[in-house]
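A structural walkthrough
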Amino acid sequence: MKNKRFTVRNVIYNLPEIYASSHRGSIDDTIQLVDIMDLINKLDKRNRFILLRKYFYGDTTAQIAKRLSIAPKTVEGAVTRSMDRLDVLYNRQMAHDGY
């Protein structure tokens, strides 16, 4: 996670494109993908599932809510909390790495 322009939200919002680019040989996108997946894997199972379904697979909030038998507002809250948690984890990692 040495790229200072790397932002958690930008990477999350663009996961499918970054994934595709990493498979075409883009070193920067591969590094970003590995870094963000390391962070995502630190989330609990449900929040990780919600985030990946929403931003990697493109499911709507309603689809995720139905799949998990929860309210759409619960999905939205989980997304917000997960993004905030990822920001905290990323900033801790940057501080640890000396950035």
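I will try to describe carefully the structure that is included in this document. Owing to the predicted nature of the structure, the values given are computational and were not obtained by experimental measurement.

Examining the packing of helix α5 (residues 61–68) against helix α6 (residues 72–96)
- For the pair α5 and α6, interaxial distance at closest approach is 8 Å and the crossing angle is 110°. Judged on the interaxial angle alone, α6 and α5 are roughly perpendicular. Across the interface between the two elements, T61, I64 and A65 of α5 pack against P72, V75 and E76 of α6.
- Partitioning the contact of α5 with α6 into residue classes produces four nonpolar, one polar and one charged.

Some thoughts on the packing of aromatic side chains
- If you walk through the whole model with that rule in mind, you get two aromatic pairs.
- Between the aromatic rings of Y13 and Y55, the centroid separation amounts to 5.4 Å while the plane-to-plane angle is 55°, which identifies the pairing as tilted. Here the residue Y13 occupies a position in helix α1 (residues 8–13), and Y55 occupies one in helix α4 (residues 45–55), the gap between them amounting to 42 residues.
- Centre to centre, the rings of F56 and Y57 are 5.1 Å apart; their planes meet at 85°, and the pair counts as edge-to-face.
- Take Y57: its relative accessible area is 52%, and that puts it in the exposed class.
- Above the face of the Y57 ring, R53 is positioned so that its terminal group lies 4.3 Å from the ring centre.
- A cation sits over an aromatic face here: K54 above Y55, 5.9 Å from the ring centre.

Procedures and definitions
- Residues numbered from 1 in each chain as written.
- Predicted model: local features only at pLDDT ≥ 70, side-chain atom pairs only at ≥ 80, totals over all residues.
- Heavy atoms only, no water.
- Axes fitted to C-alpha atoms, helices over the stretch in contact; angles between N-to-C directions.
- Helix = DSSP H or I, 4+ residues; strand = E, 2+ residues; numbered from the N terminus.
- Parallel < 35°, antiparallel > 145°, perpendicular 65-115°, else oblique.
- Contact = heavy atoms within 4.5 Å.
- Nonpolar A, V, L, I, M, F, W, Y, C, P; charged D, E, K, R; others polar.
- Phe/Tyr/Trp six-rings, centres within 6.5 Å; stacked < 30°, edge-to-face > 60°.
- Buried < 20%, exposed > 50% of the residue type's maximum accessible area, 1.4 Å probe, protein only.
- Lys NZ or Arg CZ within 6 Å of the ring centre and 35° of its normal.

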